[in-house]
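Coordinates in review
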Amino acid sequence: MRSILTLPDYRLRQQARKVDVFGDALQSLVDEMVELMLEGAGGVGIAAPQLGMLQRVVVIDCSLSQRPCRNHGRIVMVNPEIIESFGNVLGREGCLSVPEWVATVPRAKKIKVHYQDIQGKHHVLESSAFEARVIQHEIDHLDGILFIDRVLSVRDIVRRM
Amino acid sequence: MQYVLLSISGKDRAGIVCDVAEALLNIRANIEDSSMTALRGRFTMMLIVNLAESCPLSELKAALAALEQRTGLSVQSQLLPEDDVKHMPQEPDCVITVTGADKPGIVHAVTHVLGEAGISIVDVSTQSRGTEQGYMYMMALEVVAKDDVAALGQKFTDISNQLDIEIQVHELESGIL
Ligand SMILES: [Zn+2]
């Protein structure tokens, strides 16, 4: 069983590769990701690079959110890509890979994301509010980006006004 | 463990943080939490430092006096009670932004509403900025509103009209992702 990598592990900063083989290995990676996501209290999403697997796979499940929110339940997204985004909202984010750190991060309010499921079938999903934030956060992991790269202080907010 | 709060400011120039850090390193004091920023032409710093066991308060005072002498910075220090150091601010659940033509009383009006409601401010920043239409005032606050979040916008209606300022309340959803 792998464990969740934490900063400053260099693998969190690497670009993940596109998945083009859909099979048992992918399934067992996803199973492991789900298990680790459920292990951490309040975890609502996880990305393969957090396990040191540099593949473009994320799992989200906002039905696990401590505060109830609109959501599509558990979704496995392979090769996800945000194709449209609207609006801008602030929220507090933390990350299993950056323990003990929570900060204010701006994200698109609403997104349209294209992804493949675990069989390789193509889907387009529209998501908004907290779930959209989670998807953006997890996709960032695939590009080696952590939420701490996007933090806004009140001073930054004033500067942008 | 002895903790000291340092408030330092001086005319802005390159090298201020380094000068202060060096003075603290010389007495093996550790900088824990800090807030350092340029306000107009002044560089301002607030630091909580942890004194080494081997360093008496008098040695810190002497080092700070020498720093003031050498650099022209203004330095104040205050011994902190352990309680203040161990206490962590609550997580903000709301960001409030304020904009309008600059006039006296904006900060007071906004924070009065918060104070009355018992809402705690975690962080705040303001800026008065010259534009073609005169000075604009910008303010952003991170607050712990708890159950008041939904009703917070309503609470600002009166002062928003009186002062002709725009006040937006952004509720922060939060989670470990
Ligand atoms: Zn994360």
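Residues numbered from 1 in each chain as written. Chains lettered and ligands numbered in written order. Predicted model: local features only at pLDDT ≥ 70, side-chain atom pairs only at ≥ 80, totals over all residues.

Below, the discussion takes up the sheet that holds strand β4 (residues 89–95) of chain A. On the basis of which strands lie adjacent, the open sheet formed by 3 strands has the order β5(A)-β4(A)-β9(B) and mixed pairing. At either end of the open sheet lies a strand with only one pairing partner, and these are β5 (98–107) of chain A together with β9 (173–176) of chain B. Each adjacent strand pair in this sheet contributes to an overall mean axis angle of 20°, direction not counted. In this structure, β4(A) lies alongside β5(A), joined through 6 bridges in antiparallel fashion. Opposite A:R92, over in β5(A), you have A:T104 as the bridge partner. Those strands touched by helix α2 (residues 129–142) of chain A are β4 and β5 of chain A together with β9 of chain B, and its axis lies near 40° from that of β9(B). (Pairing = 2+ DSSP bridges. Helix = DSSP H or I, 4+ residues; strand = E, 2+ residues; numbered from the N terminus. Axes fitted to C-alpha atoms, helices over the stretch in contact; angles between N-to-C directions. Contact = placed C-beta atoms within 7 Å.)

Residue and element names in this part refer to chain B. One open sheet accounts for 4 strands, arranged β2-β3-β1-β4; its pairing is antiparallel. Whereas interior strands pair on both sides, the edge strands pair on one side only; in this sheet they are β2 (30–39) and β4 (74–80). Averaged over all neighbouring strand pairs, the angle between strand axes comes to 15°, with direction disregarded. In terms of strand pairing, strand β1 (residues 2–11) meets strand β3 (residues 42–51) through 10 bridges, oriented antiparallel. Looking at β3, one finds that Y3 is bridged to N50.

A word on the interface of chain B and chain A. Listed per partner, the contact involves 22 residues of chain B and 27 residues of chain A. Within the residue set of the side of chain B that touches chain A, elements represented by two or more residues are β5 (94–101), β6 (120–131), β7 (134–144) and β9 of chain B. Of the pairings in the sheet, the one linking β4(A) to β9(B) comprises 4 bridges and is parallel in character. Bridging from a neighbouring strand, A:R92 pairs with B:S174 of β9(B).

Quick look at helix α1 (residues 16–26) of chain B now. Residues and elements named next belong to chain B. When α1 is considered as a whole, its buried residues turn out to be I16, V20, A23 and L24. The arc that holds every buried residue of α1, seen down its axis, measures 95°, which confines them to one face. In α1, those exposed residues whose orientation departs by more than 90 degrees from the buried face are C18, E22 and L25. Tucked into the core, α1 has its buried residues touching β1, β2, β3 and α2 (57–71). One or two residues past the end of α1 sits R28, with phi positive at roughly 55°. (Buried ≥ 20, exposed ≤ 12 C-beta atoms within 10 Å, placed from the backbone. Arc of directions from axis to C-beta.)

This part covers the pairing of strand β6 (residues 110–116) of chain A. Residue and element names in this part refer to chain A. In this structure, strand β3 (residues 74–86) lies alongside β6, joined through 6 bridges in antiparallel fashion. Paired with E81 across the two strands is H114, which belongs to β6. Across 7 bridges, the pairing between β6 and strand β7 (residues 122–128) is antiparallel. The residue bridging K112 from the neighbouring strand is E126, located in β7.

We now examine the nonpolar core. Residues and elements named next belong to chain A. M33, A48, V58, V59, I60, V134 and I135 are the most contacted members of the largest nonpolar core, which has 34 residues in total. Of all elements in the fold, only α1 (24–39), β1 (45–47), β2 (57–61), β3, β6 and α2 reach the threshold of two or more residues within this core. A total of 6 residues in this core trace back to one element, the largest contributor, which is α2. Apart from the residues lying within four places of it in its own chain, the contact partners of V58 are G45, I46, A47, M77, P80, E138, I139 and L142. (Core = buried A, V, L, I, M, F, W, Y, C linked by C-beta atoms within 7 Å.)

On to unusual backbone geometry. Both trends apply: most residues other than glycine have a negative phi, and most peptide bonds are in trans. Along the chain, A:L7 connects to A:P8 via a cis peptide bond; the corresponding omega equals 5°. Here A:P8 shows up in the segment before α1. Unusually for a residue other than glycine, B:R40 sits at a positive phi of about 50°.

Residue and element names in this part refer to chain B. For α2, with 15 residues, the first-to-last C-alpha span of 21 Å sits near the 21 Å given by 1.5 Å per residue. Within α2, the full set of buried residues consists of L60, L64 and L67. For α2, the arc enclosing every buried residue in end-on projection is 55°, short of the 170-degree limit, so these residues lie on one face. Exposed and facing more than 90 degrees away from the buried side of α2 are S58, A62, A65, A66, Q69 and R70. Tucked inside the fold, the buried residues of α2 contact β1, α1, β3 and β4. Positioned one or two residues after α2, G72 has a phi angle of 75°, which is positive. (Expected span 1.5 Å × (residues − 1).)

This part takes up the domain arrangement of chain B. Looking at chain B, the domain boundaries give domain 1 (2–86) and domain 2 (94–171). Here domain 1 of chain B and domain 2 of chain B have C-alpha centroids that lie 31 Å from each other. (Domains from an automatic or database assignment.)

A few words now on the packing of α1(B) against α2(B). Residues and elements named next belong to chain B. It is at 10 Å that the axes of α1 and α2 come closest, and there the two elements cross at 150°. Judged by the angle between their axes, α1 and α2 are roughly antiparallel. In this structure, α1 crosses over α2, and the sense of that crossing is right-handed. In this structure, α1 uses D19, V20, A23 and N26 to contact α2, whose residues at the interface are A63, L67 and T71. (Parallel < 35°, antiparallel > 145°, perpendicular 65-115°, else oblique. Left-handed = near helix turned anticlockwise from the far one by under 90°.)

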